[in-house]
Amino acid sequence: MVAKKKVVKKATVKLAPAVPESPAALPTPAKKASVGLVKKSAVKKPATPAAKKPATPAAKKTKPTVTKKGTPSAAASKKKPVPTPEEDTEFASGRKRKLPLGDEADSSDDEQLDLPPPVKKGAASGKVVKKSALPDPSDDDEILPDDFPDADDDDETSSSDDSGEDADGMMEIERRSIKLIKKKAQENKLAEEELELNVKSDSKFELPSVEDVEEELKAVPNLENIKERMLDVIQVLGDFANRREEGKSRSTYTDILSKDLCAYYGYNEFLMEKFMQLIPNYSELIEFLDANEVPRPITIRANPLKTRRGELAKTLIGRGMNVDPAAKWTKVGLVVYDSQVPVGATPEYLAGHYIVQGLCSLLPVMALAPQPNERVLDMCSAPGGKTTHIAALMRNTGVLFANDANAYRCKAIIGNCHRMGVNNCIVTNLDGSEYSNIQPQSFDRILLDAPCSGTGVIWKDKSVKTSKDPEDIKERYTMQRKLLLAAIDALNATSKTGGYVVYSTCSVLVEENEAVVQWALDKRDVKLVESGLELGVDGFTKYRHHRFHPTMNLSKRYYPHVHNIDGFFVAKLKKMSNKKFDKKEQPEEQNDDEDAKPTPSAPRTVKPNNKKLAQRFKNKLASNNTTSE
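Predicted, not measured: the structure shown is a model, and the values here were computed from it.

(A) Expanded view of the packing of aromatic side chains. Scanning the model with the defined rule gives nine aromatic pairs in all. Consider the rings of Phe240 and Tyr253, whose centres lie 5.6 Å apart with planes at 90 degrees: the pair is edge-to-face. Placement of Phe240 in helix α12 (residues 240-243) and of Tyr253 in helix α13 (residues 250-265) is noted, with a sequence separation of 13 residues between them. The exposure classification of Phe240 matches that of Tyr253, with both residues buried. Judged by centre distance (5.5 Å) and plane angle (50 degrees), the rings of Phe540 and Tyr543 are tilted. Residue class for Tyr543 comes out buried when judged on its relative accessible area of 7%. Ring-pair connections join several aromatic residues into one group, and the members of that group are Tyr267, Phe275 and Phe288.

(B) Spotlight on the UniProt feature "binding site: S-adenosyl-L-methionine" (unreviewed entry) in the chain. With numbering matched to this structure, UniProt assigns "binding site: S-adenosyl-L-methionine" (unreviewed entry) to Cys380, Ser381, Ala382, Pro383, Gly384, Gly385, Lys386, Asp404, Asp431 and Asp449. Judged by relative accessible area, Lys386 falls into the buried class, the value being 8%. Not counting residues within four places of it along the chain, the set of residues in contact with Lys386 comprises Gln357, Ser361, Pro364, Val365, Asp378, Leu447 and Asp449. When you line up the elements, Asp404 lands in the loop between β6 (399-403) and α20 (407-419). Residues within four places of Asp404 in sequence aside, it is in contact with Met379, Cys380, Ser381, Ala382, Arg409, Cys410, Ile413, Thr428, Asn429 and Leu430. There is a polar contact of 3.3 Å between the side chain of Asp404 and the backbone nitrogen of Ala382.

(C) Structural context of the pairing of strand β8 (residues 445-449). Counting buried positions over the five residues of β8 gives five, a clear majority of the element. Every second residue of β8 is oriented toward a common face, with Arg445, Leu447 and Asp449 on one face and Ile446 and Leu448 on the other, all of them buried. As paired elements, strand β5 (residues 375-378) and β8 share three bridges and run parallel to each other. Across the sheet, residue Val376 finds its bridge partner in β8, namely Arg445.

Procedures and definitions
Within any chain, residue numbers begin from 1 and follow the written order of that chain's sequence. Given that this is a predicted model, residues contribute local features only at a pLDDT of at least 70 and side-chain atom pairs are listed and counted only at 80 or more, while totals for whole chains, interfaces and linings are drawn from all residues. No hydrogens and no water enter the side-chain calculation; it runs on all heavy atoms of the structure. Stacked, edge-to-face and tilted are the three classes for Phe, Tyr and Trp ring pairs, Trp counted by its six-membered ring, which pair at centre distances within 6.5 Å; planes under 30 degrees apart are stacked, over 60 edge-to-face, the rest tilted. Going along the chain from the N terminus, every DSSP run of H or I of four or more residues is numbered as a helix, and every run of E of two or more is numbered as a strand. Three labels apply to residues, based on accessible area from a 1.4 Å probe with only protein chains included: buried if under 20% of the type maximum, exposed if over 50%, partly exposed otherwise in between. UniProt positions are given in the numbering used here, feature names are shortened, and annotations may be inferred rather than shown by experiment. Whether two residues are in contact is decided by their heavy atoms: any pair within 4.5 Å suffices. Throughout this description, a polar contact denotes any pair of N or O atoms lying within 3.5 Å of each other; where both atoms belong to protein, one of them has to be capable of donating a hydrogen while the other can accept it, and for residues adjacent in sequence the pair is counted only when both atoms sit in side chains. One bridge is not enough; two strands pair if DSSP finds at least two bridges between them.

Here is the structure:
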């Protein structure tokens, strides 16, 4: 198309010297129109002899000449000369089509005005003839896309608009767009190839010494340099055998990576070491740490006691909230993308139609699956989101005990129960471990959302990054073990519908999750069962030097960078009997080899208790004295 434009421009330049000086030699506007029509239909019908020209002034005035801009231009036509036969032949040779010349065009003006519109295919060759290949000698400018008029002009104008199409029916703007798309795709391909070359390059990263890194971090750290060094170290650790630096061990790389991660994300070395042990894939570890910096989406739970999720969604959308169903695995959750009104101050919220609650808090209640007319205990229930969810699943039947050791937080439980329309709940302010003494073996189901370190909800409390140490973690899992054993003791193993306890935490540390459940398996006659949750990652059966029970994979783990919810752990236990024993004394149940004979235990030597004997002797002596008197 570009070459054709250049030929047109060249031909018009050559026509300039051939302009006749006399006004009689110039064609009239009508003749100019006829010349253009003859050129379009020259292949269809040959030119008529000059002797048959019955030109009349009236016929010439019936159809005025229209330029490409859509306005008559008699003055402009005087500036456009008719090409000489030699120039016209040279011009038409590039189009493989001979145009009528001189007198032949003048002699057929009137007849050509009555011809039908030209067709795209030639009569002789049958090939497609491009309209843009027919130059208009009345225009000495280069053909540009702006020269094509709108579609509401006359016939000659619409034919000029069609001249912008190619043989394949594409417009010029479409061809340019395709070229840009191909160019962009080529650039993206080259960028990907360059990235692959950089990854596969043989250049080795020069690791600085630990002392140099510590000196750098003491000053104001440059986060860009730290992040670049972290990525380089992760690449080296990913292909350590080929990328390692001579004389540098793997521990040296991991030590420097740990220091950089602590400086970049603001953690202490203890907690960062725990995370590096938990997620040994350091690329995934970066995703986990990044996800801890991002707040989770705001989610609400519809209250089935007062409304349905669909009706609630319509009402909230009418109030200016942009809500959608939270996930496929929940029938009551809604995610709030944005809101023009406060989420916790709408009339629906005050009427108890919904409660602001994280999606992770729905998981333990779904695993517990309480049934109507049961006795259920929520051992650590504040602020009442899970308690009201349990009451809704129980349909306000049975008895629900909501306990919390913090008296101030118990007020929140009472307020939410009143607002959500719960009337089968008893709120208590006790230590959870006391329930095993107050009401032993009296509950069908128990939910223990134990207090934890909060390593799964760091985005809520940034102080977790620096406040955790080994003593704090030990204190936490000691309390969790105590509460879980108390919950098992308060559970009724002979319940017809229940006998289940669900243990959950908002922590991702193994010491607070799998290790605590393993402690309960060793101390009580319970077993792990399916939680009924489709979402989540299986719990650890092997973790470093720890070896847990094979059924530990029935528990579920949740990570913020994988599931876009808070870090969480859920395990469901069923109480088999009300016995209390140490399972280490009964290896037959845990022994995989059925044919193996149990080894006889050594005889136990019972040492007499001297204090008890002395007390018994005194009591007996006193009784004898009283009888003798």
